[in-house]
Amino acid sequence: MERRPEARAFKIEDLLAEVRLGRIRIPSFQRPLSWDRKDASKLVDSLYRGYPIGTLLFWETAAEPGEMRFGSITVTAGGRTDALWVVDGQQRIVSMARILLASEADNDAFALYFDLDRIEFVPPPSAAAQSGDAARWLPMTEVLDSERLFQWLMAKSSISKERRDRAFQLGKRIREYDIPAYVVRTDSEEILREVFSRVNSTGKGLKAPQVFDALHGARTHSRPATIKDIVTELEPLGFGRVEEQTLYKLLRVLQGVPVIQGGSDGPLRLSLGEAEQAYRQTTEAAKRVIQFLKEESGIPHYELLPYKQPLVTLGKFFSHHPAANARSRDLLVRWLWRGALNGSHQGDTVSTRKALDRIDPDNEALSVQRMLDMVKQKPDIYPSATEPFNFRYSASKLQALALIALAPRDLESGKLLHLGEKADRLFDQEIPFHQVLAYKTPTQNGLYLSAANRLAHPHRSGGLRRLLLNVADPAVLVSHGITDVAMQALRDGDAAQFLILRAEHLQRHFERFFEQYARWDEPDRPPLASLIVSDEEE
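Residues numbered from 1 in each chain as written. Predicted model: local features only at pLDDT ≥ 70, side-chain atom pairs only at ≥ 80, totals over all residues. Heavy atoms only, no water.

1. As for the overall build of the chain
Within the chain one finds 23 helices and 12 strands. A burial count over the chain gives 47% of its 538 residues as buried. A separation threshold of at least 6 residues defines the contact pool for the chain, and within that pool the share at least 24 residues apart is 72%. Put simply, the chain shows about 26,500 Å² of open surface, and 48% of that area lies on carbon and sulfur atoms. (Helix = DSSP H or I, 4+ residues; strand = E, 2+ residues; numbered from the N terminus. Buried < 20%, exposed > 50% of the residue type's maximum accessible area, 1.4 Å probe, protein only. Contact = heavy atoms within 4.5 Å. Areas by Shrake-Rupley, 256 points an atom, 1.4 Å probe, with all protein chains shown as cover.)

Following this line, the structure appears as structure tokens:
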């Protein structure tokens, strides 16, 4: 740009005067409005309390005559050379206009009143509430113009001095609030599009766990004092680095709030004691889940979880039932694997909430039965050894677990690899499921991309095929799901036949392995103790 943007500040009353005059315009490349009344209420509350609400960015240039709509407000604007096109701040400007400029107090979906007793912004009170005490509820449409506010107060002859003072204070704070802004002057719309793109895409906002830690961690003297502390405390368990976002979801659930923070909900706020307890409780629940996953469920590492949602659900269960009996734990293994195989654990908000709602804090057996009921549908087919292998997807992670279950051995030393248990560095730096055979032509893409062409083995110089051809111990080959016949095909140079034979063998292993954990055909009866009714309960 030839000229630097002008930095200035707009008082709210001056800014909205420009809206009325039609000087402020919305460019065609602006995003659709996404705020609702709850968002707008928080904005006005920030104005009242003097909180920062961000910086506005305008493009000053010419504008044709036109009609603009801000909710219930219509502005007929004439042509002008100094129009202010909103580059950043559309949601804020439109919300303020709809709340403060509407012609009728209740005429807009964003309409708000100020409760002069409770000192808070509220939706329009009922007709009965207003008729019962009209001097309590100040319509925000009366606030921007000091004369109009004075007339409203004069009409309320019985209003107390305390309410009157609060009304005047509100009006003054809203009208005189200064919003910082930059005004860009350029003839190029392309430059403005680039500015808009950068303003709305650059930088990294704080994620929900970071916001929670910023609000609570600094005040907490005990440990863990942040979500990151919990991650660190879990690492010695050899399960890898659990994501902060997953642990924050678990923390929310254990505090009895929705697992997903809504866009307009704001961060979870706790007292100092509550925050300390929340961090400890989340840590203990996560430790119990990790122990269950590693020792009973055949899942040795966080990166091998087909879906992450079960960690949150199991965290809630074990928080309420830390000493769950062996039968319940056995049934939970089935729940975990069935949901992974049929996709019930994929983690959308609705399914996650349903799963969490199935957990009864006072009834362990009932909780498990309800959870099992959500995953009862057996899939028509299991993940196939002939499908493309991609570790980012759940089906391939299920196959990876089956490959690890074969107890793979090092192709050179013959020693157990312990993939997943003590291989954090492998998972952090590279996924240790490498191709045996390289492919060079599109016609080879089928089985060459599948699990049949993968070994649960770290990469070695020279490639895995070379190592395989030098293996003399049949037990090492068996540990990688390779039969003698398949190995002979590879030695004979028939790579295609090797992949076909290995795929057939692995498919049989996959199906046995998945059935071993899911146990679809076995009865899911609860523990016998839960079925016994004492004499007092009869």
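2. Brief notes about the packing of aromatic side chains
Applying the stated criterion to the full structure yields 16 aromatic pairs. Taking 6.3 Å as the distance between ring centres and 70° as the angle between the ring planes, the aromatic pair formed by Phe-239 and Tyr-302 counts as edge-to-face. Taken together, the residues span a long stretch of sequence, with Phe-239 in the loop between α9 (227-234) and α10 (244-254) and Tyr-302 in the loop between α11 (272-295) and α12 (309-320) at a distance of 63 residues. Take Phe-239 and Tyr-302: they sit in the same class, and that class is buried. Seen in terms of ring centroids, Trp-337 and Tyr-517 are 4.9 Å apart; in terms of plane orientation they differ by 15°. Their pairing is stacked. Placement of Trp-337 in helix α13 (residues 326-342) and of Tyr-517 in helix α22 (residues 495-518) is noted, with a sequence separation of 180 residues between them. Assessed through its relative accessible area of 2%, Trp-337 is described here as buried. An aromatic cluster of three or more residues is present, and its members are Trp-337, Tyr-382, Phe-510, Phe-513, Phe-514 and Tyr-517. A cation over an aromatic ring shows up here: Arg-8 above the ring of Phe-10, its NZ or CZ 4.0 Å from the ring centre. (Phe/Tyr/Trp six-rings, centres within 6.5 Å; stacked < 30°, edge-to-face > 60°. Lys NZ or Arg CZ within 6 Å of the ring centre and 35° of its normal.)

3. Re a negative patch on the surface
Negative charge collects at one region of the surface, where Glu-13, Asp-14, Asp-145 and Glu-147 lie side by side. Relative to the helices and strands, Glu-147 is located in helix α5 (residues 146-155). We classify Glu-147 as partly exposed; its relative accessible area is 45%. (Patch = residues over 30% accessible without salt bridge, like charges linked within 9 Å, V, L, I, M, F, W, Y side chains within 5 Å. Salt bridge = Lys/Arg side-chain N within 4 Å of Asp/Glu carboxyl O. Lys, Arg positive; Asp, Glu negative; His and termini not counted. Charge placed at Lys NZ, Arg CZ, Asp CG, Glu CD.)

4. A look at α5
Of the positions making up α5, those classed as buried are Leu-149, Trp-152 and Leu-153. Angularly, the buried residues of α5 cover 95° about the axis, an arc narrow enough to put them on a single face. The outward face of α5, more than 90 degrees from its buried face, is lined by the exposed residues Met-154 and Ala-155. For α5, the secondary structure elements touched by its buried residues are β9 (137-139) and α6 (161-176). (Arc of directions from axis to C-beta.)

5. Focus on unusual backbone geometry
Residues apart from glycine generally show negative phi values, whereas peptide bonds are mostly found in trans. One non-glycine residue, Ala-407, lies in the positive phi region at around 55°. Following the sequence through the fold, Ala-407 ends up in the loop between α16 (394-405) and α17 (424-429). Even without being a glycine, Arg-519 presents a positive backbone phi close to 50°. Its location among the elements puts Arg-519 in the loop between α22 and α23 (528-531).

6. Let's talk about the nonpolar core
Core analysis: the biggest nonpolar cluster contains 87 residues, and Leu-293, Ile-299, Leu-314, Trp-337, Phe-433, Leu-468 and Phe-498 have the highest contact counts within it. Top element by residues in this core is α22. It accounts for 11 residues. Non-local contacts of Phe-498, meaning those with residues more than four positions away in its chain, are made with Val-436, Leu-437, Ala-452, Leu-468, Ile-482, Ala-486, Met-487, Ala-489 and Leu-490. Residues Leu-15, Ala-40, Ala-77 and Phe-121 belong to the second largest nonpolar core, which totals 49 residues. (Core = buried A, V, L, I, M, F, W, Y, C linked by side-chain atoms within 4.5 Å.)

7. Regarding the pattern of salt bridges
Per the counting criterion, the structure on display carries 35 salt bridges. A salt bridge links Asp-88 to Arg-92; the nearest nitrogen and oxygen atoms lie 3.7 Å apart. Put simply, Glu-176 and Lys-172 hold a salt bridge, and the shortest N to O gap is 3.2 Å. Of this pair, Glu-176 and Lys-172 both sit in helix α6, separated by four residues, roughly a single helical turn. For Lys-172, a relative accessible area of 46% translates into the label partly exposed. The network of salt bridges with common partners includes Glu-6, Glu-18, Arg-23, Glu-60, Arg-80, Asp-82 and Arg-185.

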